[in-house]
Amino acid sequence: MDAHHDPAESSDEASHDIDFVTLGMFIIDDIEYLPPTPPVKDILGGAGTYSALGARLFSPPPLSRSVGWIIDKGSDFPDALEDLVASWDTSVLIRPTPDRLTTRGWNGYDEHENRAFKYMTPKKRLTAEDLTPALLAARSFHLICSPNRCRELVLEVKARRSGMSNADGSNLPKPIFIWEPVPDLCTPDELLNCTNTLPLIDVISPNHSELAGFMGDSGLDPETGEISTKAVERACEQLLGSMPLQSFAIVVRAGEKGCYLARNGGRKRKARPAAQRAKKPSDLLHGGLRPDTDMEALFAGLLQDPEGTIAREEIEVDPGVERWIPAYHADADKVVDPTGGGNTFLGGLAVGLARGKSLEEAAAWGSVAASFAIEQVGTPALGRHDDDGRETWNGVVVDERFEEFKTRLAFRES
């Protein structure tokens, strides 16, 4: 068994097609419940693991190798977990670190089902320097960090990609950055840092509580104590209003309420190919006007294409997005453990965007991905369909669940 898929260690060309990479950490979780429920040990966990799972759910082999993530394997790494990771057949980079213990976390529940977490061993944070050339050439990146750290990571990734190219010599496509803010720094004091980060990323995805934290609010309905959809919409409107000329999207993960999508609209110009852009004569540039200049002829000339016809710029209007996408599981009894659901959602969202899906459809991918993560403690079970050999998770074909969900949402596939 070889779980260590090490993509392209030294080349400046991208030798693998990687759609998704996460810089979230791998953690081995221990979970303690209130009696009489027994504790569980050595559970696959961490934001990196669950976001990679979200991308992997929509990536049956050989597409599974388009999912990249990093595991720092300590001396205590259980063989069973290594076998589980290998069964996903991703482009995971497993780095043996025998001089340290694997990052481990303790999770506990109180009588109100509130979850507490603490690290049991030192954590090992990932940076852009940890990415191999193949991982660095990914189409999308999942970042879970503070606003300042997010800016650092985006700039580092872009700087390292600047000298890279595809195997055919063409430039790498513009990467998609999905930012998940860490809860501890979702405070009013960090709001300015947050807005300074937004121009650098494509999607910011806090949960409802984290979004409310930036605004100094609880995000809850004062009468019912439930998640307030109005508070979510109001906070998104305020964030978008603060950056009206930026093209980022907000995707708020709101538990049983689903997720809320918000993005400013605007004009999207369709640029003409360079070969069709006629160079204007120098006497038509600044300073070339004379008293006898025929202004009508001048403007007609500026609008003409190389064939002499009047060129009209094509402008596509983006209406923006304001939409709720429901959670896949409407029945709360289907939810066994919500741990990792948000991270899994973002893996599905990111890989959907990387493969050209609209924000709405990519969010539907995320909702379906999250539905598999929360049906059990730990990660869902990978298997094969008895009839046709298709891949299943928890006995379900992912595409079939998505098609059913898409019908429920009533939107067209992009």
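Whatever comes next refers back to the structure up there.
Read on for a plain summary of the structure. Source: prediction; values computed, not measured.

Further remarks concern the overall build of the chain. Of the regular secondary structure elements, the chain holds eleven helices and 19 strands. Across the 414 residues of the chain, 48% fall into the buried class. Sequence separation of 24 or more characterises 71% of the internal contacts of the chain that already satisfy a separation of 6 or more. Of the roughly 20700 Å² that the chain leaves accessible, carbon and sulfur atoms contribute 51%.

This part covers helix 2 (residues 79–87). Every buried residue of helix 2 is accounted for by Leu81, Glu82 and Val85. End-on, the buried residues of helix 2 take up no more than an arc of 100 degrees, which puts them together on one face. Away from its buried face, by an angle of more than 90 degrees, helix 2 presents the exposed residues Asp79 and Ala80. Where helix 2 is buried, its residues touch strand 3 (27–32), strand 4 (40–45), strand 5 (67–74) and strand 6 (91–97). Positioned one or two residues after helix 2, aspartate 89 has a phi angle of 55 degrees, which is positive.

Glancing now at the sheet that holds strand 8 (residues 115–119). Reading across the sheet, the four strands line up as 4-3-7-8 and stay open at both edges, with mixed pairing between neighbours. Since the sheet does not close on itself, it has two edges, and those belong to strand 4 and strand 8, each with one partner. Averaged over all adjacent pairs, the angle separating strand axes in this sheet is 30 degrees, with direction ignored.

Take the state of the cysteines next. The bond known as a disulfide is covalent and runs between the sulfur atoms of two cysteines. Within the structure shown, the criterion is met by zero disulfides. Take cysteine 194: it sits in no disulfide, and the sulfur closest to it among the cysteines is that of cysteine 186, at 7.6 Å.

In this section: helix 4 (residues 147–161). Over its 15 residues, helix 4 runs 21 Å from end to end, which matches the ideal 21 Å to within 8%, given 1.5 Å per residue. Listed in full, the buried residues belonging to helix 4 are Pro147, Arg149, Cys150, Leu153, Val154, Val157 and Arg161. Down the axis of helix 4, the smallest arc covering the buried residues is 155 degrees, so these residues share one side. Along its buried surface, helix 4 packs onto helix 3 (133–136), strand 9 (140–145), strand 11 (176–181) and helix 5 (191–197).

Attention now goes to the packing of helix 10 (residues 359–373) against helix 11 (residues 398–409). Geometrically, a packed helix pair is captured by the angle between its two axes and the distance between the axes. It is at 10 Å that the axes of helix 10 and helix 11 come closest, and there the two elements cross at 125 degrees. Judged by the angle between their axes, helix 10 and helix 11 are oblique. In terms of crossing hand, the pair formed by helix 10 and helix 11 is right-handed. On helix 11, the residues that touch Glu361, Ala364, Trp365, Ser367, Val368, Ser371 and Phe372 of helix 10 are Val398, Arg401, Phe402, Phe405 and Leu409.

Of all six residues that make up strand 9, five are buried, and the element is covered over most of its length. In this sheet, strand 9 lies alongside strand 2 (residues 20–22) in parallel orientation, the contact comprising two bridges. The residue of strand 9 that forms the bridge with threonine 22 is histidine 142. For strand 9 and strand 11, the ladder comprises six bridges, and the chain directions are parallel. Following the sheet pairing, serine 140 is matched in strand 11 by isoleucine 176.

With that settled, consider the pairing of strand 6. The two faces of a sheet get side chains in turn, since along a regular strand they alternate between them. Burial of strand 6 is extensive: six of the seven residues sit out of reach of the surface. With helix 2 bridging strand 5 and its parallel neighbour strand 6, the resulting β-α-β unit is right-handed.

On to the packing of aromatic side chains, then. Summed over the entire model, instances satisfying the criterion amount to ten aromatic pairs. With a centroid separation of 5.0 Å and an interplanar angle of 85 degrees, the aromatic rings of phenylalanine 117 and tyrosine 119 are classed as edge-to-face. An aromatic cluster is defined as three or more aromatic residues linked by ring pairs; in this entry it consists of Phe58, Trp365 and Phe402. Positioned over the ring face of phenylalanine 372 is arginine 401, at 4.0 Å from the centre of the ring. Arginine 408 extends its terminal NZ or CZ atom over the ring of tyrosine 328, reaching a point 4.8 Å from the ring centre.

Attention now moves to the packing of helix 9 (residues 341–354) against helix 10. Where helix 9 contacts helix 10, the axes come no closer than 7 Å and their chain directions differ by 145 degrees. Both helix 9 and helix 10 take part in a crossing whose hand is right-handed. Across from Gly341, Thr344, Phe345, Gly348, Leu349, Val351, Gly352 and Leu353 in helix 9, the residues of helix 10 making contact are Leu359, Ala362, Ala363, Trp365, Gly366, Ser367, Ala369, Ala370 and Ala373. Taken together, the residues that form the contact of helix 9 with helix 10 break down as eleven nonpolar, six polar and no charged.

The rules behind the values
Residues numbered from 1 in each chain as written. Predicted model: local features only at pLDDT ≥ 70, side-chain atom pairs only at ≥ 80, totals over all residues. Heavy atoms only, no water. Helix = DSSP H or I, 4+ residues; strand = E, 2+ residues; numbered from the N terminus. Buried < 20%, exposed > 50% of the residue type's maximum accessible area, 1.4 Å probe, protein only. Contact = heavy atoms within 4.5 Å. Areas by Shrake-Rupley, 256 points an atom, 1.4 Å probe, with all protein chains shown as cover. Arc of directions from axis to C-beta. Pairing = 2+ DSSP bridges. Axes fitted to C-alpha atoms, helices over the stretch in contact; angles between N-to-C directions. Disulfide = S-S within 2.5 Å. Expected span 1.5 Å × (residues − 1). Parallel < 35°, antiparallel > 145°, perpendicular 65-115°, else oblique. Left-handed = near helix turned anticlockwise from the far one by under 90°. Right-handed = clockwise from strand over helix to strand, strands pointing away. Phe/Tyr/Trp six-rings, centres within 6.5 Å; stacked < 30°, edge-to-face > 60°. Lys NZ or Arg CZ within 6 Å of the ring centre and 35° of its normal. Nonpolar A, V, L, I, M, F, W, Y, C, P; charged D, E, K, R; others polar.

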